[in-house]
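As a plain string of letters, each chain reads:
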Amino acid sequence: MKKVTLLALAIILMLSLITGCGSANSSSNSGTDVKDPEVITFAWLPNNASDDFKDARAEICKVIEKATGIKVVDKLTTDYAITVEALASGNAQLAFVGGESYVEAHKKNPKVLPLVVNSGDSGTLKDAMYYSRLLVKKGNEDQYKSGSDYVIDNIAGKKFSFVSTSSTSGFKVPSAGIVSYFSKQDKWKDLKAEDLLQGGSDKFFSQVIFGGSHQLSLVNLLTDKSDVSAVDDFDVVNYVDLTSGTDNTPGAVYTVKKDAVDPFSKLAGTQFVVIKSTPVINAPIAVNTGALSQKTIDAITQVLTSDEVTKNEKIFLPKDSKYKGMFKAPQRFLTTEDAWYNPIRELSK
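Cut-offs applied
- Numbering of residues starts from 1 in every chain and runs along the sequence as written.
- Note on the predicted model: pLDDT of at least 70 is required for a residue's local features to be given, and 80 or more for side-chain atom pairs to be given and counted; whole-chain, interface and lining totals, by contrast, use all residues.
- The side-chain values count all of the structure's non-hydrogen atoms but skip hydrogen atoms and water molecules.
- Numbering of helices and strands runs from the N terminus, with a helix taken as a DSSP run of H or I at least four residues long and a strand as a DSSP run of E at least two residues long.
- Throughout, radius of gyration means the C-alpha value; the globule benchmark is 2.2 Å times the number of residues raised to the power 0.38.
- Whether a residue is buried, partly exposed or exposed follows from its accessible area with a 1.4 Å probe, protein chains only, as a fraction of its type maximum: under 20%, in between, or over 50%, in that order.
- Here, two residues are considered to be in contact whenever any of their heavy atoms come within 4.5 Å of each other.
- For the area figures, the Shrake-Rupley method with a 1.4 Å probe applies, and any residue is considered shielded solely by the protein chains shown.
- Paired strands, as defined in this entry, are two strands with at least two bridges between them according to DSSP.
- Throughout, an axis means a line fitted to C-alpha atoms (over the contacting stretch in the case of helices), and angles, computed between N-to-C directions, take values from 0 to 180 degrees.
- Between Lys or Arg on one side and Asp or Glu on the other, a salt bridge is scored when a side-chain nitrogen of the former is within 4 Å of a carboxyl oxygen of the latter.
- Here the nonpolar core consists of buried residues drawn from Ala, Val, Leu, Ile, Met, Phe, Trp, Tyr and Cys, with membership extended through side-chain atoms lying within 4.5 Å.

Caption draft 1: View of the overall build of the chain. Secondary structure assignment for the chain yields nine helices and 17 strands. Computed over its C-alpha atoms, the radius of gyration of the chain comes to 20 Å, within 12% of the 20 Å expected for a compact globule of 349 residues. In terms of principal-axis extent, the alpha carbons of the chain reach across some 60 × 45 × 35 Å. Across the 349 residues that make up the chain, the buried fraction comes to 53%. Residue pairs in contact within the chain that sit at least 24 positions apart in sequence constitute 72% of those at least 6 positions apart. Only carbon and sulfur atoms are counted for the fraction: they give 50% of the accessible area of the chain, which is about 15500 Å².

Now the structure itself:
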């Protein structure tokens, strides 16, 4: 029977508790006197800044531009911190960010709020989640087994790849899970997340590297720069096929597609195995409510949550779509509130 960690349970439970205040649609959070910019800037994390997602980004910007009458341009970033700062400062009025990046931006500027989030396949927030996973290269997975179960005991002393300290599924969730698991052992009873940032002979990991994106964290694994990598499912699904096992569960094997584009173009056929998987709350499209008028925020919210966008096959891709994108049918965009991301905040306490 699959074991579910307390962390995973807490996150799943929070998915059904949509409470609190802080919705971007609340007029108390954004003044009607805010003057709209001549151009709306939409910032994207490195994971979604590649050419692979160009069509999806363009389509989202197109519908926002049509709804608001304001030109929309992309701001493609190479670092999580750049995206967070752009959103918090108002240099970008919109951004698609992970939960941790959203929490950081909101902490810098409370006027940053979630605008919409993609639902689960049910069309609700109850299953609005993706997965933070620990992966190993195919052929090495037996090192991480105890009987028929996968365990993470042997990740200690290994070369490890995170994504970014601002990544929810590429750092916050996996580091919290590692600390929770190992701090029960006398040897690691004082282990903290910050102890995982650097490697060395006297450290938890022998070496620690940061990929900067989920794609590159996976590349680190497949090119033997790391023994174990933290990689979500959401950002690499377009490049791989499930070969065996159940999706996003320990023991699942994935293979890089023959036609995979960069950074996987030279890695076709390479395989990896999931040894740990934890559900994570879906990432929001966030808005700086101090940088856009309420009228414009309302127009963007209305169009993104509309049936027109839900049925747009360039935004919510149907199965076997010829396009590549970030969201899959039968999902849709729904509004949510700041309090929904409290489970992410709790990981830092």
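Caption draft 2: Region of the structure containing the sheet that holds strand β8 (residues 159-162). Overall, mixed pairing links the seven strands, which are arranged β9-β8-β10-β5-β13-β12-β11 in an open sheet. Looking at strand neighbours, the two that pair on one side only are β9 (207-210) and β11 (240-244), the edges of this open sheet. The average angle at which neighbouring strand axes cross in this sheet is 35°, direction not considered. Two elements, β8 and β9, share four bridges in a ladder whose sense is parallel. Within β9, the residue paired with S161 across the bridge is I209. Packed onto the sheet, helix α5 (residues 168-182) meets β5 (129-137), β8, β9, β10 (228-232) and β13 (271-281) and runs at close to 75° relative to β5. Its contacts with the sheet place helix α6 (residues 214-222) against β5, β8, β9, β10, β12 (253-256) and β13, and it is angled at close to 150° to β10.

Caption draft 3: Looking closely at the pairing of β12. Here β12 shows two buried faces, one formed by V253 and T255 and the other by Y254 and V256. As paired strands, β11 and β12 are joined by four bridges and run antiparallel to one another. By the bridge assignment for β12, L242 is matched with Y254. Pairing geometry for β12 and β13, over three bridges, is antiparallel. Note on β13: the bridge partner recorded for V253 is V273.

Caption draft 4: Looking closely at the sheet that holds strand β4 (residues 112-118). Here we have six strands laid out as an open sheet, ordered β2-β1-β3-β14-β4-β17, and mixed in their pairing. With one partner strand each, in any of the chains shown, β2 (71-76) and β17 (333-334) form the two edges of the open sheet. Looking at chain direction, strand β3 (residues 94-96) and strand β14 (residues 284-288) are connected through three bridges and run antiparallel. Bridging from a neighbouring strand, A95 pairs with A286 of β14. Contacting β1 (39-44), β2, β3, β4 and β14, helix α3 (residues 80-89) crosses the sheet at an angle of about 40° to β14. Running over the sheet, helix α7 (residues 294-304) touches β1, β3, β4, β14 and β17 and is turned about 15° from β4.

Caption draft 5: Region of the structure containing the pattern of salt bridges. Using the criterion set out here, one finds seven salt bridges in the structure. With its nearest N and O atoms 3.2 Å apart, the salt bridge here joins D74 to R57. Note that D74 is positioned in strand β2 and R57 in helix α2 (residues 54-68), a separation of 17 residues in sequence. With a relative accessible area of 31%, D74 lands in the partly exposed category. Its relative accessible area of 3% is what places R57 among the buried residues. E141 is paired through a salt bridge with K138; the nearest N and O atoms lie 2.9 Å apart. Overall, the relative accessible area of 9% leaves E141 in the buried class.

Caption draft 6: Quick peek at the nonpolar core. Counting 46 residues, the largest nonpolar core has F42 and L304 as the members making the most contacts within it. Per element, the largest residue contribution to this core is five residues, and it comes from α2. Look past the residues within four positions of F42 in its chain and what remains in contact with it is I60, C61, I64, V72, V73, D74, K75, L94, A95, F96 and I285. One finds V103, L125, V280 and Y341 within the second-largest nonpolar core, a separate group that totals 28 residues.

Function cannot be read off these values alone, since they describe shape.
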